[in-house]
Amino acid sequence: MSTKTQLTTTVSLPPDAVTVEAGEPKTNSLKVAKHFGKKHYNVIQSIEKLLGYEEVVSRLNFQLAEYVDDQGKKRKMYEFGKDEFMMLTFGFTGAEAIRMKLGFITAFNHLSKIAAQVAFDTLESAHAAEVGRLIGTVQETQVENHTLKQQNRLLLQAQAHTEPKHQYGEISKRNGLP
């Protein structure tokens with residue numbers, strides 16, 4: 001019979017643990033180190049070990065970035081998304097690590113849904129604006145078309161009053177012919 005360990009609660013992460021950048025949920029090595037109770041240089045070493053595998057480099061996107069530490073020095077860190085987070089934290093073990101992973105995964109999933117909705121709303125707004133612009137163009141074209149028809153009618157009427165009557169037409173009228 002197997003015994004299962006029950007996690008007391010899932011972790012509620014601070015709002016900045018996972019953020020949306022360019023429409024994608026992201027975190028970074030500093031946040032992972034902080035929330036998993038690891039030293040940042042160890043997290044950097046784990047990422048760089050992963051980057052030693054060609055398959056990781058070609059399939060995952062760990063982006064090298066910088067931050068300024070408490071001493072005002074520029075230091076390196078990595079920014080990454082959910083897939084990279086999962087790969088990085090596979091080796092993190094223990095009940096607390098599992099709770100933290102679940103918290104991060106929940107945050108990634110939640111922000112993915114929000115980012116997708118924002119993208120949809122933005123696209124919908126863009127389409128609505130384009131439809132509105134096209135309706136305006138059609139209405140302008142209809143007004144111009146109506147104006148041109150009126151002008152054409154007036155020109156034809158003016159032309160009918162100014163053109164000399166054809167002599168055969170005059171003879172036809174005098175003789176009662178159409």
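Basis of the calculations
- Residues numbered from 1 in each chain as written.
- Predicted model: local features only at pLDDT ≥ 70, side-chain atom pairs only at ≥ 80, totals over all residues.
- Heavy atoms only, no water.
- Pairing = 2+ DSSP bridges.
- Helix = DSSP H or I, 4+ residues; strand = E, 2+ residues; numbered from the N terminus.
- Salt bridge = Lys/Arg side-chain N within 4 Å of Asp/Glu carboxyl O.
- Buried < 20%, exposed > 50% of the residue type's maximum accessible area, 1.4 Å probe, protein only.
- Core = buried A, V, L, I, M, F, W, Y, C linked by side-chain atoms within 4.5 Å.
- Contact = heavy atoms within 4.5 Å.

**Details of the pairing of strand 3 (residues 63-68)**
Link 1 in the chain: Across 6 bridges, strand 3 lies against strand 4 (residues 74-80) in antiparallel orientation. Pairing of E66 across the sheet is with K76, part of strand 4.
Link 2 in the chain: The loop that links strand 3 with its antiparallel partner strand 4 comprises 5 residues; one of these, G72, has a positive phi angle of about 85°.

**A closer look at the pattern of salt bridges**
Link 1 in the chain: Per the counting criterion, the structure on display carries 3 salt bridges.
Link 2 in the chain: In this structure, R75 and D69 form a salt bridge, with 2.8 Å as the shortest nitrogen-oxygen distance.
Link 3 in the chain: Taking the relative accessible area as the measure of exposure, D69 reaches 16% and is therefore buried.

**With respect to the nonpolar core**
Nonpolar side chains in soluble globular proteins tend to be buried together.
Link 1 in the chain: Counting 24 residues, the largest nonpolar core has V32, F36, F62, F80, L88 and F104 as the members making the most contacts within it.
Link 2 in the chain: Going through the elements one at a time, helix 1 (29-36), helix 2 (40-50), strand 4, helix 4 (82-89) and helix 5 (95-162) are the ones with two or more residues in this core.
Link 3 in the chain: Counting residues per element, this core draws most heavily on helix 5, at 6 residues.
Link 4 in the chain: Leaving out residues up to four positions away in the same chain, F36 has contacts with F85, T89, F92, A97, M100, K101 and F104.

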